[in-house]
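This is what each chain is made of:
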Amino acid sequence: MTAALATAHAASPEEPVLLRSDADGVATLTLNRPQARNALSMALMGALQEQLDAIRADPSVRVVILEGAGPAFCAGHDLKEMRADPSREATEAVFRTCARLMLSLTRLPQPVIARVHGIATAAGCQLVATCDLAVCAETARFATPGVQIGLFCSTPMVALSRAVSRKAALEMLLVGEPIDAAEALRIGLVNRVVPEAELDAAAGALAARIAGKARRVLAIGKEAFGRQIEMGLEDAYGYTAEVMTRNMMMADAQEGIDAFLGKRPPRWEP
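Conventions and cut-offs
Residues numbered from 1 in each chain as written. Predicted model: local features only at pLDDT ≥ 70, side-chain atom pairs only at ≥ 80, totals over all residues. Heavy atoms only, no water. Salt bridge = Lys/Arg side-chain N within 4 Å of Asp/Glu carboxyl O. Helix = DSSP H or I, 4+ residues; strand = E, 2+ residues; numbered from the N terminus. Buried < 20%, exposed > 50% of the residue type's maximum accessible area, 1.4 Å probe, protein only. pLDDT = per-residue confidence, 0-100. Contact = heavy atoms within 4.5 Å. Pairing = 2+ DSSP bridges. Polar contact = N/O pair within 3.5 Å; in protein donor to acceptor, adjacent residues only side chain to side chain. Expected span 1.5 Å × (residues − 1). Arc of directions from axis to C-beta. Core = buried A, V, L, I, M, F, W, Y, C linked by side-chain atoms within 4.5 Å.

Caption draft 1: Region of interest: the pattern of salt bridges. Across all of its chains, the model carries 13 salt bridges by this definition. When the shortest N-O distance is used, the salt bridge between R33 and D78 registers 3.0 Å. With R33 in the loop between β3 (26-31) and α1 (42-56) and D78 in the loop between β4 (63-68) and α2 (79-84), the pair connects residues that are 45 residues apart, well separated along the chain. Since its relative accessible area comes to 13%, R33 is described here as buried. Accessibility expressed as a relative area gives 11% for D78, which makes it buried. Counted as one network, the salt bridges with shared partners bring together R20, D22 and D58.

Caption draft 2: Structural context of the confidence of the model for the protein. Per-residue pLDDT for the protein has a mean of 94; in total, 95% of the residues score no lower than 70. Confidence over residues 1-11 falls short of pLDDT 50; this stretch has 28 contacts with residues more than four positions distant or in other chains.

Caption draft 3: Region of the structure containing the sheet that holds strand β9 (residues 179-180). Across the sheet, three strands lie side by side as β6-β8-β9; this open sheet has mixed pairing. Of all the strands in the sheet, just β6 (119-121) and β9 have a single pairing partner and so form its edges. Relative to β9, strand β8 (residues 141-143) runs antiparallel, the two being bridged by two bridges. Each bridged residue has a counterpart across the sheet, and for R141 the counterpart in β9 is D180.

Caption draft 4: The side chain of R20, seen in detail. Tracing the chain through its elements places R20 in strand β2 (residues 18-23). Among the polar contacts listed, one links the side chain of R20 to the side chain of D22, at a separation of 2.8 Å.

Caption draft 5: Fine view of helix α8 (residues 199-211). Between its terminal C-alpha atoms α8 stretches 18 Å, which fits the 18 Å expected from 13 residues at 1.5 Å a residue. Among the residues of α8, those classed as buried are L199, A202, A203, L206, A207, I210 and A211. All buried residues of α8 fall inside an arc of 165° around its axis, so they share one side. Among the exposed residues of α8, those pointing more than 90 degrees away from its buried face are A201 and R209. Considering only its buried residues, α8 is in contact with β3, β4, β5 (112-116), β7 (133-137), β10 (192-194) and α9 (215-228).

Caption draft 6: Highlighting the side chain of H77. As for its placement among the helices and strands, H77 is situated in the loop between β4 and α2. Apart from the residues within four sequence positions on either side, H77 is in contact with A39, L40, M45, M82, V94, F95, C98 and A123.

Caption draft 7: How the structure looks around the environment of R264. Mapped onto the elements of the fold, R264 is located in the segment after α11 (251-261). According to the relative accessible area criterion, R264 is partly exposed, its value standing at 28%. Between the alpha carbons of R264 and E50 there is a distance of 39 Å; along the sequence they are 214 residues apart. Setting aside chain neighbours within four positions, we find R264 in contact with E255, D258 and A259. A distance of 2.7 Å separates a polar atom in the side chain of R264 from a polar atom in the side chain of E255.

Caption draft 8: Region of the structure containing the nonpolar core. Counting 53 residues, the largest nonpolar core has L66, F73, V116, L127, V128, F142 and L189 as its most contacted members. The leading source of residues in this core is α1, at six residues. In this structure, V116 is in contact with F73, V128, V135, C136, A137, A140, F142 and L199, ignoring residues within four places of it in sequence. I113, A137, L199 and A202 belong to the second-largest nonpolar core, a separate cluster that totals 15 residues.

Caption draft 9: Inspection of the pairing of β7 at higher detail. With four of five residues buried, β7 is to be regarded as a mostly interior element. Where β5 meets β7, four bridges bridge the pair, whose relative direction is parallel. Residue pairing for β7: A114 is matched across the bridge by A134.

Spelled out as structure tokens, the structure:
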């Protein structure tokens, strides 16, 4: 596997806050602040935004895996950093940067899979809810605990309320206590729960299954899913009918149908 370090926002040359490795159409982004449970500092959010912008323009990447180094996936915002400068301007900058990051994940043409171990709390839980898919270890825990420290998880609520049912989201937000992996699966926050020893293999296998599909078709499908789910029923059907018509005109659709009829593997455009 060829690895590249996302060093532009590193705390030091030896310790980049984000790692990137690419193999077989899959880009893996690793949050690399293990001593801080991968808390989302401004530097880490900036590095992640930079890599998402680069991946958006990289036709070799078909799928992204987002993971955390060390004992946790992500513990949310860096509260120590925020308390070091509690001004309104600095606080606005944190949440504005985070909002842009979450929108970039949502609007990225490539599907994003969260590979979760340890804890995913507050903005870390928001990351999981924002990713298109999530695979977690049996030992993973999820929480939106802001209510317990007087800071309601209002921005994590945006992603969470769109990923799980209304009542499940509100219970997490109002109670603020962790839920386990089985409960996360039951409410739809994650797609798969596996033993921790099998987490890498499970996330990799899911990414490989997606990476084998046509790149442009994945992009058109992800965009259409996000747009239609916010529409009324009649508007959604009108919009997706136009999307499918446009999709049908693409070379990949014609190749895929011909391959299916000819009982042969498709040859997707690069």
